[in-house]
Amino acid sequence: MSSPLTRLYQTKLALLATVVTVVGIALMLLAHWASGNAAGAWLDSLPVMEVGSALFTTGLIAILFEYIDQADAEARANQRLRKVLSEEAPAIRDAVVDGFAFAPDSLTNVASKKTLDRIVENTLSIRLGDKELAADAYQDLREQIIGARQRWKDAHASVALAPWDKGPAEGRGAMFVATIRWDYRFVPSSPVLRFSCVSDLDSYRELLTDPTSTAEWYFEPIDGLDASSPEAFELVQIAVNGKPQKVRRSVRKDGQVFTCNLGDEAKTDEEVTVSYTYRVLVQQHGHVLHLDLAQPTKDFRAELWYGDCGIRHMNVLDYLSGPRQPRYTHLSASDPSPSVEVAYEGWTFPKGGVAFVWVLEGEMQTVTSRQK
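Just so it is clear, the model here is predicted, and its values are computed rather than measured. (Residues numbered from 1 in each chain as written. Predicted model: local features only at pLDDT ≥ 70, side-chain atom pairs only at ≥ 80, totals over all residues. Heavy atoms only, no water.)

K.L.:
Would you mind showing me how to read the overall build of the chain here?
P.N.:
A tally of regular secondary structure across the chain gives 7 helices and 15 strands. Sorting the 372 residues of the chain into buried and exposed places 33% on the buried side. By sequence separation, contacts in the chain at least 24 residues apart represent 71% of the contacts at least 6 residues apart. Just so you have it, the chain exposes about 22,700 Å², and 57% of that area is on carbon and sulfur atoms. (Helix = DSSP H or I, 4+ residues; strand = E, 2+ residues; numbered from the N terminus. Buried < 20%, exposed > 50% of the residue type's maximum accessible area, 1.4 Å probe, protein only. Contact = heavy atoms within 4.5 Å. Areas by Shrake-Rupley, 256 points an atom, 1.4 Å probe, with all protein chains shown as cover.)

And the structure:
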């Protein structure tokens, strides 16, 4: 059964053929009457007969033939279209693929985010030859990279260790004062930077996954000190694009929080350079200091100085998630300014970072005396 559109088209053709044929016959009759009647002599100067004959022929033959031949005409048109598509399909396919490959912005105009995810996942599956691996790898990548609210560039962390002179020199309660400075470029996702110090592990883990947290520190309560103590954590300085910023400190039962409002320095989609310095207490017998990367980071470098700290050995453990090997520089404890440095070129994923692990000189002496 023909479609409603086809039946409508046929009805229009039949109506048009009827009207044109009738008008043509009428014009021919009018011309015949004028030729034998003096009142219609003025029509002799007009091509009434020719126009009528043309309309009669068109309505009776041409339109009627179109009406009858419509099905065959559609079949011929479809056949020509299939032939063109079969011959030009490879060229069209290559043009589309090349267009998406060299002009990826065009993809966003024709595909939704879900469609883009399927395209990436299928392409990765073809490249890896493992559909399940491609799906899992892209899901992890999407959560870590696309889900991140910030991306750091040229991140540099420097740490200076020094003995804490307000506590015991060794044993329980002996501390190092770690002065930590960060510099990096990023596009702010929030006009507020927040620095937290807590003594509750659950709160600390929540802060690690909080996209609004700039830096977080866990301090284990010991000898009357906890995360709310001013000695445990202090934000010393913060600057954005070289301009010092005001800082507000608030103390809670389980810790303290420093906040900085960027104000006019935080503009949408505009990259800024932030630098901040904070001091923290680190237990000497903890033997480790972590520097975590909570955001996707490009080109990371960290260095630590530990002169006059009674440290015999200093090692660096990196858990940077990237394909390249980090670069290390080490000045031993016998050097006048002992230090270690680790640098990584390229992108690293969140939840990576480095850990500085030390062995105290006093611990080595204890081991030696026991062996004797």
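K.L.:
Even after reading the chapter, I still don't get the nonpolar core, so can you show me in this structure?
P.N.:
Nonpolar side chains in soluble globular proteins tend to end up buried together. Counting residues in each nonpolar core, the largest one holds 57 residues, and the members touching the most others are L161, W182, F219, Y276, L289, L291 and F356. Looking at this core element by element, the count peaks at 8 residues for strand β2 (residues 175-186). Residue contacts for W182: discarding those within four places in its chain leaves W152, A155, H156, A157, V274, S275, Y276, Y278, L291, D292, L293 and F300. (Core = buried A, V, L, I, M, F, W, Y, C linked by side-chain atoms within 4.5 Å.)

K.L.:
What is the right way to look at the packing of aromatic side chains in this model?
P.N.:
One pair of aromatic rings is described through two measures. These are the centre distance and the angle between the planes. Scanning the entire structure with this criterion turns up 12 aromatic pairs. An angle of 75 degrees between the planes, with centres 5.6 Å apart, marks the rings of F176 and W358 as edge-to-face. Pair noted here: F176 is in strand β2 and W358 is in strand β15 (residues 352-360), with a separation of 182 residues, a long-range link. When its relative accessible area of 1% is taken as the criterion, W358 is described as buried. Seen from their ring centres, Y276 and Y278 are 6.3 Å apart, and the 20 degrees between their planes marks the pair as stacked. (Phe/Tyr/Trp six-rings, centres within 6.5 Å; stacked < 30°, edge-to-face > 60°.)

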